[in-house]
Amino acid sequence: MSFESLGLRTELLRAVSEKGYSSPSPIQQQAIPYILEGRDIMGGAQTGTGKTAGFTLPLLQRLMSSASTKKSRAIRALVLTPTRELAAQVAESVDTYGKHLPLKSTVIFGGVSINPQIKKIRDGVDILVATPGRLLDHVSQKTIDLSQVEILVLDEADRMLDMGFIRDIRKVLALLPEKKQTLLFSATFSNEIKTLSNSLLNSPALVEVAQRNTASERVSQVVHPVDKKRKRELLSFLIGSENWQQVLVFTRTKHVANRLTEQLNTDGISAAAIHGNKSQGARTKALSEFKSGKTRVLVATDIAARGIDINQLPHVVNFELPNVAEDYVHRIGRTGRAGNEGEAMSLVCVDELKLLKDIERLIKREIPKVVFDDYKPDPSIKPEPIQNGRGQQQNSRKQSANKNSRRTAAKPRSNNQNRSYRGAEAAR
Ligand code: AMP
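Below you will find a few notes about this structure. Predicted model, so just to flag it, every value in this text is computed and none were measured.

Remarks on the environment of V317
Thinking step 1. Inspection of the secondary structure puts V317 in strand β12 (residues 315–318).
Thinking step 2. When its relative accessible area of 0% is taken as the criterion, V317 is described as buried.
Thinking step 3. As for V317 and V247, which are separated by 70 residues in sequence, their C-alpha atoms are 7.2 Å apart.

So this is what it looks like as structure tokens:
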């Protein structure tokens, strides 16, 4: 199948061919015709499937064909994403695919000054990509009008719910016109997602590709058992001996991310960290230097890494296993994207054997173990509890949320869940 046969207009076909795509991915083949017809969509697709172009291309086409008759520009399409990084990436896709069209777009997210965003919106945009928290900040400052929205996209809806954005999303929905086209994308279909979609979607077409957890089939995985104290040494050894030039490394906490980054740099391996405590500028810089090859290693926590889109990322290392087994699948989904082969390895110490079991149960397979002679685990070391398990992390979320409450109390928003998410970002 070709992009031409989907009935896309020439400006979009030109942009797609300039991007180098020869044929639409399965989610694009399925979703684009429905969206062009004006149908609501319930899309089951993870990142890496091409879903962004799958909704952006037909969205642009629909906006062109229902060109506004009003003199001033109004926001006609709203895309909500869970994270700043994903918002930036979706906005980049909107720019790329829409570059031959006269439509204007912008992106708004927290962590950066609100004033330039206000100015851009005031100048007029057709498409707005936003994270829910910052969008509501604009709403409360009355710097945004959502009453003309024709198309709403909820991207990675499951992740938005996981992050406690449901109340924010409901507040945003209340500001949108009743009659609109809604496209909801989610990697998983939990009961919560079903409830949301039932209340939001009107006879949606169900489009689904790549069953959940397929990354675990596409990506080759290995576990290297090693003592906790020797993980950093083994990582440097792997990067050096295999001569990896681009590797994404996951840690559970921002503290370990920072320390590991420093140690790798000391070892002469250029590394940068990306997590919720870094300013937006630092995160963007770290990501672009990693993409351009200036930095060999990007060390990330789970929230920060969500939605990172790097073409053909060859290696992902779990320096520490995640507390939540599903995060393992998200992590390894960063490699082997859009059909490329990828390799994911996990450095696992005795403390993490239970987490490993949970992961193997989830992905329904045993991950092969390879022990390096020089890094054999010491059998006399007894497992210790993992310091920042879920319960403890949630406590620290609450504490951070309390610390933040004076600041947030001044705002009209009274969303405890969202506050606790912000606390979680700070805690990681
Ligand atoms: P996404 O799932 O939207 O994050 O896209 C994953 C990656 O696939 C991105 O790097 C896209 O640029 C790329 N991509 C999207 N559509 C296609 C296509 N039709 N052919 C090849 N690559 C694509």
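Points about the packing of helix α15 (residues 325–332) against helix α16 (residues 353–363)
Axis angle and axis distance: for two packed helices, these are the angle between their axes and the distance between the axes, and together they describe the pair.
Thinking step 1. One can describe the packing of α15 onto α16 by two numbers: an axis separation of 8 Å at closest approach and a directional angle of 70 degrees. What the angle tells us is that α15 and α16 run roughly perpendicular. Across the interface between the two elements, A325, E326, Y328 and V329 of α15 pack against D358, I359, L362 and I363 of α16.
Thinking step 2. Classifying every residue of the contact of α15 with α16 gives six nonpolar, no polar and two charged.

Focus: the pattern of salt bridges
Thinking step 1. According to the stated counting rule, one finds 25 salt bridges in the structure shown.
Thinking step 2. One salt bridge connects E85 with R283, and the closest N-O pair in it is separated by 2.8 Å. Placement of E85 in helix α4 (residues 84–97) and of R283 in helix α13 (residues 280–292) is noted, with a sequence separation of 198 residues between them.
Thinking step 3. Its relative accessible area of 5% is what places E85 among the buried residues.
Thinking step 4. A salt bridge links R252 to E352, with the shortest nitrogen-to-oxygen separation between them at 3.0 Å. Taken together, the residues span a long stretch of sequence, with R252 in the loop between β9 (247–250) and α12 (254–266) and E352 in the loop between β13 (342–348) and α16 at a distance of 100 residues.

Examining the side chain of N318
Thinking step 1. Its location among the elements puts N318 in strand β12.
Thinking step 2. Classification of N318 as buried rests on a relative accessible area of 0%.
Thinking step 3. There is a polar contact of 3.0 Å between the side chain of N318 and the side chain of S346.

As for the nonpolar core
Thinking step 1. Ranked by size, the top nonpolar core spans 39 residues in total, and within it L8, F55, L57, L60, I127, V153 and L183 carry the most contacts.
Thinking step 2. With seven residues, helix α3 (residues 51–65) is the largest single contributor of residues to this core.
Thinking step 3. Ignoring sequence-local partners within four residues, the contact set of L183 consists of I35, R39, I41, F55, I151, L152, V153 and L154.
Thinking step 4. If you look at the next biggest cluster of nonpolar residues, it comprises 32 residues, including L135, V149, M160 and L196.

Let's talk about the sheet that holds strand β11 (residues 297–300)
Thinking step 1. Ordered in space as β8-β13-β12-β9-β11-β10, the six strands form an open sheet in which the pairing is parallel. If you trace the sheet from one side to the other, it starts and ends with β8 (219–225) and β10 (271–274), each paired once. Across the sheet, the mean angle separating the axes of adjacent strands is 20 degrees when strand polarity is ignored.
Thinking step 2. By the bridge criterion, seven bridges tie β8 to β13 in an arrangement that is parallel. Paired with H224 across the bridge in β13 is L347.
Thinking step 3. Packing against the sheet, α13 makes contact with β9, β10 and β11, and its axis sits at approximately 145 degrees to β11.

Observations concerning the sheet that holds strand β6 (residues 181–186)
Thinking step 1. Across the sheet, which stays open at both edges, the seven strands sit in the order β3-β4-β2-β5-β6-β1-β7 with parallel pairing between neighbours. If you trace the sheet from one side to the other, it starts and ends with β3 (105–108) and β7 (205–208), each paired once. Between one strand and the next, the sheet's axes are offset by a mean angle of 15 degrees, whatever the strand orientation.
Thinking step 2. Sheet analysis places β3 next to strand β4 (residues 127–130), joined by four bridges and oriented parallel. Looking at β4, one finds that S105 is bridged to I127.

Reading guide: rules and limits
- Residues numbered from 1 in each chain as written.
- Predicted model: local features only at pLDDT ≥ 70, side-chain atom pairs only at ≥ 80, totals over all residues.
- Heavy atoms only, no water.
- Helix = DSSP H or I, 4+ residues; strand = E, 2+ residues; numbered from the N terminus.
- Buried < 20%, exposed > 50% of the residue type's maximum accessible area, 1.4 Å probe, protein only.
- Axes fitted to C-alpha atoms, helices over the stretch in contact; angles between N-to-C directions.
- Parallel < 35°, antiparallel > 145°, perpendicular 65-115°, else oblique.
- Contact = heavy atoms within 4.5 Å.
- Nonpolar A, V, L, I, M, F, W, Y, C, P; charged D, E, K, R; others polar.
- Salt bridge = Lys/Arg side-chain N within 4 Å of Asp/Glu carboxyl O.
- Polar contact = N/O pair within 3.5 Å; in protein donor to acceptor, adjacent residues only side chain to side chain.
- Core = buried A, V, L, I, M, F, W, Y, C linked by side-chain atoms within 4.5 Å.
- Pairing = 2+ DSSP bridges.

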